[in-house]
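Tertiary structure, described
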Amino acid sequence: MTSSTHLNRDIVVRFAPSPNGLLHLGHAYAAMVAHDYARERGGQFLLRIEDIDSGRSRPHFVESILADLQWLGLQWDGDVIFQSDRLESYAGAVERLQAMDLLYRCFCTRTSMRQAQADDSQAEGPNGPIYAGICRHLNPELARQRAATEPHCWRLDVAKAIAMTGPLEWLDERHGKQVTCAEKLGDVVLVPKDMPVAYHLAVTLDDTRDGITHVVRGDDLFASTDIHRLLQALLDLPTPVYFHHPLLLDASGAKLSKSRDSASLSVLRTAGRSGYQLIEELRQGIFPVGISLS
Ligand code: GLU
């Protein structure tokens, strides 16, 4: 969108929304923080549409995201990046992790996992229930045979991976130096049943591919960064600096979300509200009634 001739290439930041719903005020805040982080430092601000989940991504949500950002006056540099254009590029990393014997097939269904979770009161992690490890020690030959007929995903054996890398560090400019504790998320899925790659792996590979130096995103992804750091170490990728910003909360103290029907930006946009003014208010910490910062 903008001329990139005078940009500081030492600072590359991205906004990476998933087009599975309409953006709301929380996204406007997130996009503004990332945009301003880059611009205040003369850096680049990229837009990456995270549309690997073909079951939930919709073209009209992509259109809406682009229109919302333009309305807000948050201009990105270069072409919009689409993860769906890169689906084949993730296979190499999956094969590499398989060759390191760090991935295993998991045949669990939602029902079998719910059952296992109910049996184990310790199994809640920062991003939801932790996988109970049911398929971790399946006989590999048996798993191969089952794979011919049964749908399955591939999970990262996190304990094994950590045994390889040892504890790792990363820097969050707001929260300080962090030492990884990736096991608290459990054995995350890296290749879902019906997709070539899952969020954790795609985002880690793409942040490297796009030359992202500073990952600026919400606190809701703070815990996931330990997994991303682990993947960086396993795949010899550079580690960006992180900045996890606070989240916008509704009157009940819950984070704004697409599924909770938080007021969408497109409603405000089509009602004729000024996007520039909205962003200016968010910058100044002026939020609509009932909305606050975490
Ligand atoms: N696509 C992710 C989301 O919409 C964000 C990814 C990221 O910023 O790391 O929640």
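Below is a summary of the structure that appears in this document. A quick note: this is a predicted structure, and the numbers were derived from the prediction, not measured.

1. Topic: the sheet that holds strand S10 (residues 189-191)
- Strand order in the open sheet made by the three strands is S4-S7-S10, with antiparallel pairing throughout. Strands at the two margins of the open sheet, each flanked by one partner only, are strand S4 (103-106) and S10. Neighbour-to-neighbour, the strand axes of this sheet turn through a mean angle of 45 degrees, independent of strand direction.
- With two bridges joining them, strand S7 (residues 153-156) and S10 adopt antiparallel strand pairing. Residue pairing across strands places Arg155 opposite Val189, the latter belonging to S10.
- Packed on one face of the sheet, helix H3 (residues 91-99) meets S4, S7 and S10 and runs near 100 degrees to S4.

2. Observations regarding the environment of Leu47
- Mapped onto the elements of the fold, Leu47 is located in strand S2 (residues 43-49).
- Distance from Leu47 to Gln277, taken between C-alpha atoms, is 22 Å for residues 230 residues apart in sequence.
- Beyond its immediate stretch of four places on either side in the chain, Leu47 contacts Phe15, Pro17, Leu66, Leu69, Trp76, Asp79, Val80 and Ile81.

3. Some details on the site of the ligand
- In the neighbourhood of the ligand, the contacting residues comprise Arg14, Ala16, Pro17, Ser18, Glu50, Tyr199, Val203, Arg217 and Leu221.
- Take Ser18: an N or O atom from its side chain is 2.9 Å from a nitrogen atom of the ligand.
- Within the complex, the protein chains bury 78% of what would otherwise be the 300 Å² of accessible surface of the ligand.
- Here the shell around the ligand is built from residues that sort into five nonpolar, one polar and three charged.

4. Focus on the nonpolar core
- One finds Phe15, Leu69, Leu72, Leu265 and Leu282 to be the most contacted residues of the largest nonpolar core, which totals 35 residues.
- The leading source of residues in this core is helix H1 (residues 25-40), at ten residues.
- Setting aside its immediate chain neighbours within four residues, Leu282 contacts Leu25, Ala28, Tyr29, Met32 and Phe287.

5. A short note on the pattern of salt bridges
- Overall, the coordinates contain 21 salt bridges when judged by the stated rule.
- Here Arg86 and Asp206 are joined by a salt bridge, their closest N and O atoms 2.9 Å apart. Of the two residues, Arg86 sits in the loop between strand S3 (81-82) and H3 while Asp206 sits in helix H7 (residues 199-209), which places them 120 residues apart along the sequence. Both residues of the pair, Arg86 and Asp206, belong to the buried class.
- A salt bridge links Lys177 to Glu169; its shortest N-O distance comes to 3.5 Å.
- For Glu169, a relative accessible area of 44% corresponds to the partly exposed category.
- Bridged by salt links that share partners, the residues Arg14, Arg48, Glu50, Arg86, Asp206, Asp207 and Asp210 form one connected network.

6. Here we look at the sheet that holds strand S1 (residues 8-15)
- Here three strands make up an open sheet; going across it, the order is S1-S2-S3 and the pairing parallel. A strand with exactly one partner marks an edge of an open sheet, and here the two such strands are S1 and S3.
- Across five bridges, the pairing between S1 and S2 is parallel. Its bridge partner lying in S2, Val13 is registered against Phe45.

7. Considering the pairing of strand S8 (residues 169-172)
- Of the two faces of S8, only the one carrying Trp170 and Asp172 is buried; Glu169 and Leu171 on the other face are not.
- Turn length for the S8-strand S9 (residues 176-179) hairpin, with the two strands adjacent in sequence and antiparallel, is three residues.

So, how was this worked out
- Note that residues are indexed from 1 along each chain, following the sequence as it is written.
- Given that this is a predicted model, residues contribute local features only at a pLDDT of at least 70 and side-chain atom pairs are listed and counted only at 80 or more, while totals for whole chains, interfaces and linings are drawn from all residues.
- Only hydrogens and water are set aside; all other atoms, that is, all heavy atoms of the structure, feed into the side-chain values.
- Two strands are said to pair when DSSP picks up at least two bridges between them.
- Labels follow the DSSP assignment, with helices taken as runs of H or I lasting at least four residues and strands as runs of E lasting at least two, numbered in each case from the N terminus.
- To get an axis, a line is fitted to the C-alpha atoms, and for a helix only the part in contact is used. The angle between two axes follows their N-to-C directions and goes from 0 to 180 degrees.
- Every residue pair with non-hydrogen atoms within 4.5 Å of one another is taken to be in contact.
- One heavy atom within 4 Å of a molecule or strand is enough for the residue carrying it to be called near that molecule or strand.
- Pairing of N or O atoms within 3.5 Å defines a polar contact, subject to two protein rules: one partner must be a possible hydrogen donor and the other a possible acceptor, and residues neighboring in sequence count only if both atoms are side-chain atoms.
- Note on areas: these come from Shrake-Rupley sampling with a 1.4 Å probe, and a residue is covered only by the protein chains present in the view.
- Ten residue types, Ala, Val, Leu, Ile, Met, Phe, Trp, Tyr, Cys and Pro, are classed as nonpolar, four, Asp, Glu, Lys and Arg, as charged, and the remainder, Gly among them, as polar.
- Buried residues of nine kinds, namely Ala, Val, Leu, Ile, Met, Phe, Trp, Tyr and Cys, make up a nonpolar core once their side-chain atoms join them within 4.5 Å.
- Three exposure classes are used, based on accessible area relative to the maximum for each residue type with a 1.4 Å probe and protein chains only: buried under 20%, partly exposed in between, and exposed over 50%.
- The working definition used for a salt bridge is a side-chain nitrogen of Lys or Arg within 4 Å of a carboxyl oxygen of Asp or Glu.

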